[in-house]
Amino acid sequence: MATKEIRRIRIKRSIRSKISGTSERPRLTVFRSNKQIYAQVIDDTTGRTLAAASSLKLSEKAPKKEIAAKVGDAIARNAREAGIESVVFDRNGYLYHGRVKELADAARNGGLKF
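Here the structure is a predicted model, which means the values were calculated and not measured.

## Describing the pairing of strand β1 (residues 27-32)
- Relative to strand β2 (residues 37-43), β1 runs antiparallel, the two sharing six bridges. Counterpart to V30 in the pairing with β2 is A39.
- Where β1 folds back on β2, the antiparallel hairpin that results is connected by four residues.
- With three bridges joining them, β1 and strand β4 (residues 88-90) adopt parallel strand pairing. Within the sheet, the bridge partner assigned to R27 lies in β4 and is V88.

## What to know about the pattern of salt bridges
- Inspection of every chain in the model, using the stated rule, returns six salt bridges.
- The closest approach of N and O atoms between D44 and R27, which form a salt bridge, is 2.8 Å. With D44 in the loop between β2 and β3 (48-54) and R27 in strand β1, this pair connects stretches of sequence that are 17 residues apart.
- Two residues, K70 and E60, come together in a salt bridge whose shortest N-O distance is 3.0 Å. With K70 in helix α2 (residues 64-81) and E60 in the loop between β3 and α2, this residue pair connects regions lying 10 residues apart in the sequence.
- Look at K70 and you get partly exposed, because its relative accessible area is 32%.
- Note on E60: relative accessible area 35%, which makes it partly exposed.
- Members of the salt-bridge network, linked through shared partners, are R16, R27, D44 and D90.

## Section: the nonpolar core
- Core analysis: the biggest nonpolar cluster contains 23 residues, and L28, V41, V71, I75, L103 and L112 have the highest contact counts within it.
- Elements with a minimum of two residues in this core: β1, β2, β3, α2 and α3 (99-109).
- Per element, the largest residue contribution to this core is seven residues, and it comes from α2.
- Every residue in contact with L103, bar those within four places of it in the chain, is listed here: V30, I37, A39, A68, V71 and G72.

What counts, and at which threshold
- Residues numbered from 1 in each chain as written.
- Predicted model: local features only at pLDDT ≥ 70, side-chain atom pairs only at ≥ 80, totals over all residues.
- Heavy atoms only, no water.
- Pairing = 2+ DSSP bridges.
- Helix = DSSP H or I, 4+ residues; strand = E, 2+ residues; numbered from the N terminus.
- Salt bridge = Lys/Arg side-chain N within 4 Å of Asp/Glu carboxyl O.
- Buried < 20%, exposed > 50% of the residue type's maximum accessible area, 1.4 Å probe, protein only.
- Core = buried A, V, L, I, M, F, W, Y, C linked by side-chain atoms within 4.5 Å.
- Contact = heavy atoms within 4.5 Å.

Structure, rendered in structure tokens:
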């Protein structure tokens, strides 16, 4: 494993020890690969994914930050359809910067509270 990946996993464990999603306030987690970005709303008490969105379903080409913002809008829309108003944000060990920040800001603008 690369040292960058080990560092991210260590940070992720630290974050996950402090936060967890409940049925009233589920966890919005972000996964970022080199090409795609994924977001899920998870209830950790039951271990179920309540809403999800990813850049795989988007067909248009755009810069990665714009795609992350569209995924943020989509996750907010899907979460509201599932009856979720507020979430706990889990950046999954990534820095709150760039694509992760764009996704979070778009989800906030879409109506999610965190």
